[in-house]
Amino acid sequence: MMLPVITRILTEFGDDVFKNMQRTNAMLMDLAPGQARERILVRNFIEAEGYEALTRGEVYALVEQKLVQQLCETFSLEKSAAIWVVRLFAAALGQISEAEWTEDSTASISAYSLPYLYGQVALGKTHVAAVSAEGTVFAGGADESYQCNVSGWRDVVAVAAGDAHTLGLRSDGTVLAAGSNAYDQCDVVHLSDVVGVYAFGHDSVFVFADGKATAVGRSKWDLSGFERITSIAPYPEGVIGIREDGTLTLASRAVDEDLQREQEWLLAQTDVVQVISTYINGSIALKRDGRLYKSGEPDNYFAQWRDVVALTNVTDGFAILCDDGTVRILSYDRAKPRISTYADRWQNVKAIFGGYRRLIGLTHDARLLAACTNLGWLWHNTTMSIDYVTDWYPVSAYYG
């Protein structure tokens with residue numbers, strides 16, 4: 001489906017694709033409904049101006065590697081996803097045959113974390129950490145357990161933050177840790193082949209290259225049954241594992257009757273990209289069709305929200321990132337599903353990170369937008385460069 005879409009866009013706009021980005025985005029939305037992640041990937045490619053090398057007619061074999069590297073570095077895409085979009089444009093421009101880029105390749109593209117950048121920013125209880133493009137880490141906020149002692153970290157590709165500890169995933173699959181180790185949550189020196197790090201409270205969870213997971217820390221979750229896992233999400237008294245096929249598994253000690261029904265709903269879901277769960281308000285799943293689904297509610301509960309590409313918990317509600325780069329805060333209250341906030345003004349956002357009543361948005365020009373909540377409202381707003389996170393402290397100072 002995406003190949004004729006791109007062919008039509010290039011035919012209409014030609015060399016002026018970038019100048020007509022707004023109209024290009026509108027055409028993408030019209031011609032490729034239900035393919036929000038694919039559209040985000042295509043838009044990223046155009047915005048990175050990597051398509052220019054192809055439109056100049058340079059030899060494809062000589063430019064593919066360079067373009068893939070540019071996409072991976074600029075937007076933190078997985079290599080397979082970057083190759084997909086480069087070959088898509090090459091086929092649309094006639095530089096490779098359509099047989100070399102088939103529609104079958106779109107079947108798995110949504111499995112990649114294209115719309116949001118996992119681990120570039122992490123919100124702990126009273127501190128924040130962020131990864132720079134050079135692989136160094138900045139941290140600011142409360143430092144009573146030395147959880148911000150990350151200045152010497154190098155070659156880091158993702159971070160996670162808990163109540164009083166910080167984790168860093170290095171490109172070689174090893175893990176760094178700083179902060180409180182009261183429950184062995186920083187016991188990471190023996191780990192290797194790690195592809196995902198997560199921190200919840202006083203717990204740390206790790207996903208390995210073989211799709212398995214393990215946990216250390218206060219709760220001592222048994223994740224021996226977790227397989228084919230691509231990402232992890234917190235769950236009341238437990239954790240959720242999102243498998244590569246979009247199904248879910250979980251480990252939880254919760255025995256409450258309502259939570260048992262909640263678990264049945266979660267385990268029945270498919271095509272899930274992200275999920276957030278709370279004791280009081282249930283669970284919300286973002287699926288590959290760009291729509292939101294809530295436990296205990298009909299599938300059209302969030303019918304007005306389409307083309308959602310990411311969501312994150314902000315304690316008093318949850319934030320969604322739409323594929324047009326805007327952000328909205330929604331509540332769990334059916335009578336008042338929308339919360340007006342400073343985040344309504346945000347534009348050009350490519351990733352969102354939430355937790356502990358705070359929300360951070362990462363823009364395409366590598367700036368961080370931040371808002372904090374107080375009694376259900378996001379009321380503090382600021383902007384900063386990712387290079388100056390160490391000098392930024394409102395995350396803890398305005399914690400509600």
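Residues numbered from 1 in each chain as written. Predicted model: local features only at pLDDT ≥ 70, side-chain atom pairs only at ≥ 80, totals over all residues. Heavy atoms only, no water.

### As for the overall build of the chain
For the chain, the count of helices and strands is 8 helices and 23 strands. For the chain, with 400 residues in total, the buried portion stands at 57%. Taking all contacts inside the chain whose residues are at least 6 apart in sequence as the whole, residues at least 24 apart take part in 44%. (Helix = DSSP H or I, 4+ residues; strand = E, 2+ residues; numbered from the N terminus. Buried < 20%, exposed > 50% of the residue type's maximum accessible area, 1.4 Å probe, protein only. Contact = heavy atoms within 4.5 Å.)

### A few points about the packing of helix α3 (residues 36-47) against helix α5 (residues 60-75)
For the pair α3 and α5, interaxial distance at closest approach is 10 Å and the crossing angle is 105°. By the angle between their directions, the pair α3 and α5 is classed as roughly perpendicular. In contact with Asn44, Phe45 and Glu47 of α3, α5 contributes Leu67, Leu71 and Phe75. (Axes fitted to C-alpha atoms, helices over the stretch in contact; angles between N-to-C directions. Parallel < 35°, antiparallel > 145°, perpendicular 65-115°, else oblique.)

### Observations regarding the nonpolar core
Residues Met2, Ile6, Val42, Phe45, Leu71, Val85 and Phe89 are the most contacted members of the largest nonpolar core, which totals 39 residues. Of all the secondary structure elements, the ones that give two or more residues to this core are α1 (2-13), α2 (21-31), α3, α4 (51-55), α5 and α6 (79-92). Counting residues per element, this core draws most heavily on α6, which supplies 10 residues. Among residues more than four places away in sequence, those in contact with valine 85 are Leu41, Val42, Phe45 and Leu71. Formed by 17 residues, the second largest nonpolar core is a distinct cluster that contains Val314, Ala319, Val327 and Leu359. (Core = buried A, V, L, I, M, F, W, Y, C linked by side-chain atoms within 4.5 Å.)

### Remarks on the confidence of the model for the chain
Overall, the predicted model of the chain reaches an average pLDDT of 80, with 87% of residues at or above 70. Mean pLDDT values for the elements of the chain range from 29 in helix α8 (residues 394-397) up to 97 in strand β6 (residues 175-179). Overall, residues 110-116 carries pLDDT values under 50, and its contacts beyond four positions in sequence, including any with other chains, amount to 26 contacts. Predicted confidence is poor over residues 374-400, with pLDDT under 50, and the contacts of this stretch with residues over four places away or in other chains come to 75 contacts. (pLDDT = per-residue confidence, 0-100.)

### Things to note about the sheet that holds strand β7 (residues 194-200)
Within the open sheet, the 3 strands sit side by side as β7-β8-β9. Their pairing is antiparallel. Two strands in the sheet have a free side with no partner beyond their single neighbour: β7 and β9 (213-217). Neighbour-to-neighbour, the strand axes of the sheet open up by a mean angle of 20°, direction not taken into account. (Pairing = 2+ DSSP bridges.)

### Structural notes on the pattern of salt bridges
For the structure on display, the rule yields 4 salt bridges. Taking the shortest distance from any N to any O, the salt bridge between glutamate 64 and arginine 87 comes out at 2.8 Å. Of this pair, glutamate 64 sits in helix α5 while arginine 87 sits in helix α6, and the two are 23 residues apart along the sequence. Judged by relative accessible area, glutamate 64 falls into the buried class, the value being 17%. For arginine 87, a relative accessible area of 32% gives the class partly exposed. Close ionic contact of aspartate 245 with arginine 228 constitutes a salt bridge, the shortest N to O distance being 3.5 Å. Pair noted here: aspartate 245 is in the loop between β11 (238-243) and β12 (248-252) and arginine 228 is in the loop between β9 and β10 (229-235), with a separation of 17 residues, a long-range link. (Salt bridge = Lys/Arg side-chain N within 4 Å of Asp/Glu carboxyl O.)

### Looking at α3
The terminal C-alpha atoms of α3, which comprises 12 residues, lie 16 Å apart, in line with the 16 Å expected from a rise of 1.5 Å per residue. Among the 12 residues of α3, 11 are classified as buried, and the element is accordingly described as predominantly covered. All of the buried residues in α3 are Ala36, Arg37, Glu38, Arg39, Ile40, Leu41, Val42, Arg43, Asn44, Phe45 and Ile46. (Expected span 1.5 Å × (residues − 1).)

### Details of the packing of aromatic side chains
Two descriptors summarise a pair of aromatic rings, namely the distance from one centre to the other and the angle between the planes of the rings. Counted according to the given criterion, the structure contains 5 aromatic pairs. Ring geometry for phenylalanine 318 and tyrosine 332: centres 5.4 Å apart, planes at 45°, overall tilted. Here phenylalanine 318 is found in strand β17 (residues 318-322), whereas its partner tyrosine 332 is found in the loop between β18 (327-330) and β19 (338-339), with 14 residues between them in sequence. In this structure, lysine 287 packs its charged tip against the face of tyrosine 293, placed 4.6 Å from the ring centre. (Phe/Tyr/Trp six-rings, centres within 6.5 Å; stacked < 30°, edge-to-face > 60°. Lys NZ or Arg CZ within 6 Å of the ring centre and 35° of its normal.)

### Concerning α5
For the α-helix, the turn length of 3.6 residues means that residues three or four positions removed from each other point alike. In this model, α5 (16 residues) spans 21 Å end to end at C-alpha, consistent with the 22 Å of a helix rising 1.5 Å per residue. Along α5, the positions that sit buried rather than exposed are Tyr60, Val63, Glu64, Leu67, Val68, Leu71 and Phe75. Axial view of α5: buried residues confined to an arc of 140°, hence all on one face. In α5, those exposed residues whose orientation departs by more than 90 degrees from the buried face are Leu62, Gln65, Lys66 and Glu73. Where α5 is buried, its residues touch α3, α4, α6 and β20 (349-355). (Arc of directions from axis to C-beta.)

### Some details on the sheet that holds strand β16 (residues 308-313)
Pairing in this open sheet of 4 strands is antiparallel, and the strands run β16-β17-β18-β19 from one edge to the other. Since the sheet does not close on itself, it has two edges, and those belong to β16 and β19, each with one partner. When β18 meets β19, the two strands line up antiparallel, connected through 2 bridges. Considered in β19, the bridge of leucine 330 is made with arginine 338.

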